[in-house]
Amino acid sequence: MTTPQEMLIGEARARFGDKAVVTETADIEPWLTDWRGRWHGSSAAILQPQSTQEASLIVAKAAELGVALVPQGGNTSMVGGATPPEDGSALILSLRRMNRIREIDQGTMRAVTEAGVVLQALHEAAADEGLRFPLTLGAKGSATIGGLISTNAGGTQVLKFGTMRGLVDGLEAVLPDGTVHDGLSGLKKDNRGYSLDQLMIGAEGTLGIVTAARLKLFPAVSSRAVAWLGVDSPQAALNILRNLQQATDRIEGFEILPQESLEAVLGHVSGARAPLSGNFPWQVLVEATVEDPDDEPPAELLARLLAPLIERGEIADATISSSEAQAEAFWRIRDSLSEAERATFGPATQHDISVPVDAMPRFMEQAAAEVSRALPGVHASGFGHLGDGNIHFHVRAGTRGGPDWLQTEGPIVSRLVNDLVTAAGGSISAEHGIGQMKRDELQRLAPERVKAMRAIKSALDPQGLMNPGKLV
Ligand SMILES: Cc1cc2nc3c(=O)[nH]c(=O)nc-3n(C[C@H](O)[C@H](O)[C@H](O)COP(=O)(O)OP(=O)(O)OC[C@H]3O[C@@H](n4cnc5c(N)ncnc54)[C@H](O)[C@@H]3O)c2cc1C
């Protein structure tokens, strides 16, 4: 007997051709596992529509047949969000063939792109028009606009531009019954009740398929400079940020890392050099940009604003990039951090967490102390987007564990960290989403929130066919 999945696969092939359906095991295989190799799924096919109409027909047919779908973009999720269930109960719906930039409008400074456009391709297309899409992150060569919207991605420029939620000016989506929501008309004002656009952002594919988006663009940057600072504590770093923000709106990036993380990068990444000659407990990267070439150059701006802080002893030492290559080298240190830490210190339990910005310095110190007290021998530290109140809090086995430490004590550590975050009024997912990795913890720590989300989910997706097993 033909199964519902086989019927859907057959129908998609018959209507949209061989390119719309992948059934070769070897071709499906790379898309069944997340990029870090933590979750493994199974799926009989990848369906790949090339247009919104094709996506709509596939979803409508899937609803009719009761076939579950896992939306997928670049598969760079940090939380197993795009990995299908292990039991083969869902088909993958890949948006990668929907990769057209439909429009870049210099007048309105908006781009309309399809969901499968890779972030870097949008960066390049905007730059060709003298414009810029500011959101950027380490996975920009693979992550797609649909995935970035569905995870409400953050990245390194959130300080000035906000997360994806603030950069979307409308979107087009296929709802779980196959109907198309068209929010691309560019209305500045629209109060027809609930915002379906905003509902889809951060929904992790559980409410439907994002097929296209209208995105905000900004004038291209004419130059940038990156300062590297040595400071005594996260609180000192935050004071510096507050000083800078009071004086200028040109600070885009503000990242913190401990000395040991810098040393891990220096030992692991060939050609990496310490920006400063001394050792400092904490290191800070600050990026300033200007759009108008007649404005004060960013290196001079940073030098002018940082000088009094150095004089007052609030910054122990500082250097400012003197070329684009040096600015890039400083960012490379930051971007290599996770990989270098893993190679140097072994695997860590990783927590992408946020607390109110002003509470973060205290949280970083207290959480590290608390985790070490509860599990003597482990090593805990945080790095990342201090200016957003978002750090990546990593706990390593230290003297405690062998190769299976992650499996044995990892869940205990994560529970402890998540409790501390919740007690501090924070979020257990600042920018990576919930996926399957944090689903049970979200349920444990925020049952009312999950209850409300489930009510929305069951209203829009009563059969539970959209990305089953994720988020709710
Ligand atoms: C090296 C590296 C660095 C990273 N740095 C950051 C960072 O700084 N900040 C940050 O926020 N994230 C970061 N990430 C995480 C990742 O890039 C984001 O989660 C990204 O938004 C996922 O995009 P994607 O196209 O790969 O989506 P996928 O991984 O394919 O999917 C992610 C989720 O979105 C859903 N989805 C995908 N496409 C659609 C669609 N069209 N419609 C509906 N649902 C969809 C999936 O079902 C899944 O739940 C990083 C990842 C890597 C590998």
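For the structure, see preceding data.
So, a few notes on the structure that sits alongside this text. (Residues numbered from 1 in each chain as written. Predicted model: local features only at pLDDT ≥ 70, side-chain atom pairs only at ≥ 80, totals over all residues. Heavy atoms only, no water.)

**Concerning the overall build of the protein chain**
Note the cut-off: Numbered from the N terminus, helices here are DSSP runs of H or I no shorter than four residues, and strands are runs of E no shorter than two. What the globule rule says is 2.2 Å times the number of residues to the power 0.38, and the radius of gyration is computed from C-alpha atoms. Relative accessibility decides the category of a residue: with a 1.4 Å probe and only protein chains considered, values under 20% of the type maximum give buried, values over 50% give exposed, and everything between is partly exposed. Residues are treated as being in contact if the distance between any of their heavy atoms lies within 4.5 Å. Residue burial considers only the protein chains on display, and all accessible areas are found by Shrake-Rupley using a 1.4 Å probe. Charge assignment in this entry is limited to Lys and Arg as positive and Asp and Glu as negative, and neither His nor the chain termini are counted. Throughout, a charge is located at the NZ atom of Lys, the CZ atom of Arg, the CG atom of Asp or the CD atom of Glu.
The helix and strand tally for the protein chain stands at 18 helices and 18 strands. Radius of gyration (C-alpha) of the protein chain: 23 Å, near the 23 Å computed for a compact globule of 472 residues. For the C-alpha atoms alone, the extent of the protein chain along its principal axes is close to 75 × 55 × 45 Å. Per-residue burial for the protein chain yields a buried fraction of 52% across its 472 residues. The contacts in the protein chain between residues at least 6 apart in sequence include a share of 72% that link residues at least 24 apart. A total accessible area of about 20,300 Å² is found for the protein chain, and carbon and sulfur atoms account for 50% of it. Each charge sign in the protein chain was given a centre, from 42 positive and 58 negative side chains, and these centres are 4 Å apart.

**Topic: the side chain of Ser 336**
Residue placement: Ser 336 occurs in the loop between helix 12 (324-335) and helix 13 (337-345). For Ser 336, the contacting residues outside a window of four places in its chain are Val 265 and Val 269.

**Let's talk about the nonpolar core**
Going by this rule: Residues grouped as a nonpolar core are buried Ala, Val, Leu, Ile, Met, Phe, Trp, Tyr and Cys residues, joined through side-chain atoms within 4.5 Å.
With 44 residues, the main nonpolar core has Leu 229, Ile 240, Phe 254, Val 286, Leu 306, Phe 393 and Val 395 as its most contacted residues. Secondary structure elements with two or more residues in this core: strand 12 (223-231), helix 9 (234-247), strand 13 (251-258), strand 14 (282-290), helix 11 (298-311), helix 14 (360-374), strand 18 (390-396) and helix 16 (410-423). With residues near it in sequence (within four places) discarded, Val 395 still touches Ala 348, Thr 349, His 351, Val 371, Val 378, His 379, Ala 380, Trp 405, Val 413 and Val 417. By size, the runner-up hydrophobic cluster in this structure holds 28 residues, among which are Ala 153, Ala 173, Met 200 and Leu 217.

**Notes on the packing of helix 1 (residues 4-16) against helix 3 (residues 52-65)**
We apply this condition: Think of each axis as a best-fit line through the C-alpha atoms, taken over the contacting stretch in the case of a helix, with angles from 0 to 180 degrees between the N-to-C directions. Note that the term roughly parallel is reserved for angles under 35 degrees, roughly antiparallel for angles over 145, roughly perpendicular for angles of 65 to 115, and oblique for everything else. Should the near helix be turned anticlockwise from the far one by less than a right angle, the crossing is termed left-handed; should it be turned clockwise, right-handed. Residues are grouped as follows: Ala, Val, Leu, Ile, Met, Phe, Trp, Tyr, Cys and Pro are nonpolar; Asp, Glu, Lys and Arg are charged; all remaining types, including Gly, are polar.
Viewed as axis vectors pointing N to C, helix 1 and helix 3 meet at an angle of 155 degrees, and their least axial separation amounts to 10 Å. Accordingly, the angle class assigned to the pair helix 1 and helix 3 is roughly antiparallel. Here the hand of the crossing between helix 1 and helix 3 comes out right-handed. Across the interface between the two elements, Pro 4, Met 7, Leu 8, Glu 11, Arg 15 and Phe 16 from helix 1 touch Glu 54, Leu 57, Ile 58, Lys 61, Ala 62 and Leu 65 from helix 3. Residue composition of the contact of helix 1 with helix 3, grouped by class: eight nonpolar, no polar and four charged.

**Brief notes about the packing of aromatic side chains**
How we decide: Between 30 and 60 degrees the pair is tilted, below 30 it is stacked and above 60 it is edge-to-face, where a pair is any two Phe, Tyr or Trp rings, Trp via its six-membered ring, whose centres lie within 6.5 Å. Two thresholds decide whether a charge sits over a ring: the Lys NZ or Arg CZ must be within 6 Å of the ring centre and within 35 degrees of the ring normal.
Within the structure shown, the criterion is met by three aromatic pairs. Arg 96 extends its terminal NZ or CZ atom over the ring of Trp 31, reaching a point 3.3 Å from the ring centre.

**Focus on the site of the ligand**
This is how it is decided: By convention in this text, a residue qualifies as near a molecule or strand provided that one of its non-hydrogen atoms is within 4 Å of it. What qualifies as a polar contact is a pair of N or O atoms within 3.5 Å, subject to a donor-acceptor requirement within protein and to the restriction that residues adjacent in sequence count only when both atoms come from side chains.
Pro 71, Gly 73, Thr 76, Thr 144 and Thr 151 are the nearest of the 34 residues found near the ligand. Separating an oxygen atom of the ligand from a backbone N or O atom of Asn 75 is a distance of 2.9 Å. Within the contact set of the ligand, an oxygen atom lies 3.3 Å away from a backbone nitrogen or oxygen of Gly 147. In isolation the ligand exposes 970 Å². Once the protein is present, 92% of that is buried. With four residues, helix 5 (residues 145-150) is the largest single contributor of residues to the shell around the ligand. A per-class count over the shell around the ligand returns 13 nonpolar, 19 polar and two charged.

**Brief notes about the packing of helix 10 (residues 259-268) against helix 13**
Close contact between helix 10 and helix 13 brings their axes to 8 Å; oriented N to C, the two are set at 85 degrees. The angle between helix 10 and helix 13 places the two elements in the roughly perpendicular class. Side by side, helix 10 and helix 13 meet where Glu 260, Ser 261, Ala 264, Val 265 and His 268 of the first sit next to Leu 337, Glu 339, Ala 340, Glu 341, Ala 343, Thr 344 and Phe 345 of the second. Classifying every residue of the contact of helix 10 with helix 13 gives six nonpolar, three polar and three charged.

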